[in-house]
Structures are given as structure tokens and as C-alpha cells.
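Examination of the molecular architecture
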Amino acid sequence: MNIMFLYFTDNTDFLHANLDHLEERNQINPDSAFCLLLKHSTNIQLGPKATLDVPFTFVPGNMRLHEALCVVSIRRIDNSDWLYEMPVDPNHPYGRRYADKADYRSGMKQIRWIYPIHGIPESLPVIDQGAKISCQARSRIEEYLEVSLTGAVPSSATGYRPIRTRSITPEDLQRSKTEGVIVGEGNKITEEFSYRLIYGSEEEEAGMKHSVSLTLVKKVRDKLTGIVNLVFNVIYAPFKVMRYDVQLCITATTGGVWRFPVTFQATEAIVDDVITIESVGLNRESSVGFRLTSQRKHPTLFNAYFVAGSDQEFSVAPQTGELQPLGTKGTLIQLAFTPKVYGKNYQAKLVIQTSDMQWTYNLIGTTPEYTPPSGQSQKPIAGPHNAPLKRGKHRNFVRDNLQLTTTAVSSPVKGAPILGNINLSDI
């Protein structure tokens, strides 16, 4: 970290910058959490309109707010004064001090800039040590979430799992709990610690804010290690399938900040209904419909789709639109089924989803039973019938060919006269 110091002046004189070490307010602490990283903090020469970066480090030893002042002072290289005019307005805070003086012009040996610095230590989350809360969509789970605030006091030890979940303790075992302070009305624990969930995006926050309830119910301080344990009551009631990684951010009034990773997961819910569509024939569309309303008192945008692996013979209309408010007749959803072959099991899974709700339906398509065609052939002609060889006079093809006078169409030389005369009586 660094502080950028800009010196705006047209004076060509060089200046000395005297950088005082950072000192925590109201005390002189050699083991301060702040440390300057300049090789020389005094007698640094600056030219006109020069820029100087003042780097420093912040290494807190405990989880509390650290405050310090960075003081930058300058004076001219020849130790001459800067002239300035005293305020003469009697209503000015400093004007009354010099109202009775005749000479309102004086000089300044040095100019100082004071930069207040607030150091807030923050515990970064450990990803592989986060808590996980999971349940089935459109169900409800209630658990305790325990977090350990290491470093909340100087004697805090390490080596503990920072966050974990456990089920709600039965009523008959509540008396055996570790002694601690129960949070209630008039208790100052909620003022000592504040908490909130940090989401990765606005979409995650919109999908989670109606599904998660987080309440601080107890604070336990270990007498041996000094570690402070906070117990939260978490109610998780998701309406649709989701998985979000969020952070539980806890801020102490003393200035420490802790972040803990929490995963909220909702698995697939039980199927709402099984819809069977009977086909009237191949390549002929059959349809059914049902009405669905929003779970709120105002219309809600929705989209309907089939999950991967569903048969393409099914279709849904409309695929996007608005669900009518709760208490109305609802929006009509139409399903169509157009089979192409017999003997196949047609199945699909339909999902209708809004911003905070999800419905799932299994679709089954059936085809009519195949009936092979039936008929009766014509009766044969009454016999008896002669053999094919006896149905006509035998034809002499050689004799017919000898009577040709020109070559036939199939000959390479078409229409040419046939040479020689043949006496038919010799055949």
C-alpha cells in the first residue's frame, strides 16, 4: 500500500520532505502494525509539481481496528518562509485571533499534511474448510452453523476448524450444552458482532434471499483458548434446484472482519406429476393441457423446457411467458405428442421454472396397438388349364431370321442388305 503525495507549485526551489514515522493514535508503540518502506524518510528533495509515493505495510497482530497518522511535512531548501495573509473576517475561526494586529502578513516555516489511516484486519476464507448445507428442492432443513473467531482476543489459539454445521439439538439434550450467552431482546451481542451473506452476483442474491434465513442465537467464549464461537440458526427452504457458494461475513465492533465459505445446495425435487399422452396414429399430433399459477400475488415470468435425453416427439407451448397470479385460473400450458414409429417407449421430462420456483413433470407417450392388414384374395378361374407348351404352334425363330433382307436395329450396321440368297427349300 502507498500514499500518493502531489506537490502543486510553480516554484523552482527544491523542498525537503520530512516524513514522520507512522504512530498509532494516543500512544507510542514501537511494535506498530504499520511500517514505512522508504529507505530515507527525511531530507527528500522534491521539485516543482513532483509526485512522491509513500509506501507502507500493515501487519496486524490481532483482529481489531488499527488507526494511525501519516504526517508529511515540507520546508524550503533555503529555510525561507512562505508568505500568507491572515484572515481578517471576524467571523472566521482564525480571524478573531489576528483582528487587532496591524500587520496581517506573516510567514510559515513548514507545511504539514496529515493522512489518517485505518487498518482493518480481515480473515480470508479457507475454501476447503467451508460448510455445506444441502436438502431437496421444495423441502426445508434447519441446522446450527458454528463459526470460530480466532484472533478475537490476544490469547486466541489456532488449529480449530473455523466453521461447521450440526443438526438442531433435541429438547431433552438442550440442558447439556456448553455454557454461553443466549442472544435475545436487550442483549448486546448483536451490537458486538454484525453479520451478512455475500453473494457472487445479483442473480445469486435474487435466487437465495427468499430461501435462506440466518439468525445469531448464541455466543460462546472458550475460557482456555479465548476463541469466540458464534452459533447461527440457519433455515434453508429452496424452491428449485440450485448450488451457490457464498461467504458469511462477520464484523466486530472492534474492527475485525472474518469471512467463512458456505455452500448451499438444493437437489432435484420429487416429480410433481406423471402425464400420459395417447397418440391417435403415426405422424398425427395429440395434445393435452393444464393450468399453472404463480406462487405470488403478481404475475411471474417463466420458461419451459425439456431436459437433455427427452424424446423430440414432445413439444410444449408456450416456452416462455407469464404465470398468472395466485388465486386466478392460471396460465394454460399445452403439451403435444407426434409419434413416428410403432413399438417405441416415448418419454420426456418437462421443467417449468421461474425466478424462485420450479415444477417437474414426467411425460409418457403411448401409440395405438398395431393391427396388421387383413383381406381375401380373388377366386381362381375354373379349370382344367392346358400346359403352357401346348397353348400354341411352335415357332421356328431360325426360319424367321433367314427371311430378313436387311440387318436389324441391334446390328452395328443398321439397315444394311444381307449378302447372298438362300433357298428356303434347302432348309
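Let us look at the structure shown here. (Residues numbered from 1 in each chain as written. Predicted model: local features only at pLDDT ≥ 70, side-chain atom pairs only at ≥ 80, totals over all residues. Heavy atoms only, no water.)

A separate point is the sheet that holds strand 22 (residues 286-292). If you walk across this open sheet you meet the three strands as 22-26-24, and the pairing is antiparallel. The sheet is open, and its two edges are formed by strand 22 and strand 24 (314-317), each paired on a single side. Across this sheet, the average inter-strand angle for adjacent strands is 20°, counted without regard to direction. Here strand 22 pairs with strand 26 (residues 331-337) via seven bridges, running antiparallel. Bridge pairing in strand 26 links Ser-286 to Phe-337. (Pairing = 2+ DSSP bridges. Helix = DSSP H or I, 4+ residues; strand = E, 2+ residues; numbered from the N terminus. Axes fitted to C-alpha atoms, helices over the stretch in contact; angles between N-to-C directions.)

With that settled, the discussion passes to the sheet that holds strand 23 (residues 300-306). Sheet strands associate in pairs through backbone hydrogen bonding, adopting either a parallel or an antiparallel arrangement. Overall, mixed pairing links the five strands, which are arranged 21-28-27-23-25 in an open sheet. Strands at the two margins of the open sheet, each flanked by one partner only, are strand 21 (273-278) and strand 25 (320-323). With direction set aside, neighbouring strand axes in the sheet form an average angle of 30°. In the sheet, strand 27 (residues 346-353) pairs with strand 28 (residues 358-366) via eight bridges, with the strands oriented antiparallel. Counterpart to Leu-350 in the pairing with strand 28 is Tyr-361.

Here the focus is the environment of Lys-349. Along the chain, the position of Lys-349 falls in strand 27. For Lys-349, a relative accessible area of 23% translates into the label partly exposed. Between the C-alpha atom of Lys-349 and that of Asp-311, which follows or precedes it by 38 residues, the distance is 9.0 Å. Dropping the residues within four chain positions of it, Lys-349 is found in contact with Glu-268, Tyr-305, Phe-306, Val-307, Ser-310, Thr-360, Tyr-361 and Asn-362. Only 2.9 Å separates the side chain of Lys-349 from the side chain of Glu-268, close enough to count as a polar contact. (Buried < 20%, exposed > 50% of the residue type's maximum accessible area, 1.4 Å probe, protein only. Contact = heavy atoms within 4.5 Å. Polar contact = N/O pair within 3.5 Å; in protein donor to acceptor, adjacent residues only side chain to side chain.)

Our next topic: the pattern of salt bridges. Across all of its chains, the model carries six salt bridges by this definition. The salt bridge involving Glu-192 is made with Lys-219; its shortest N-O contact spans 3.2 Å. With Glu-192 in helix 1 (residues 189-192) and Lys-219 in strand 17 (residues 212-221), this pair connects stretches of sequence that are 27 residues apart. Owing to a relative accessible area of 11%, Lys-219 belongs among the buried residues under this scheme. (Salt bridge = Lys/Arg side-chain N within 4 Å of Asp/Glu carboxyl O.)

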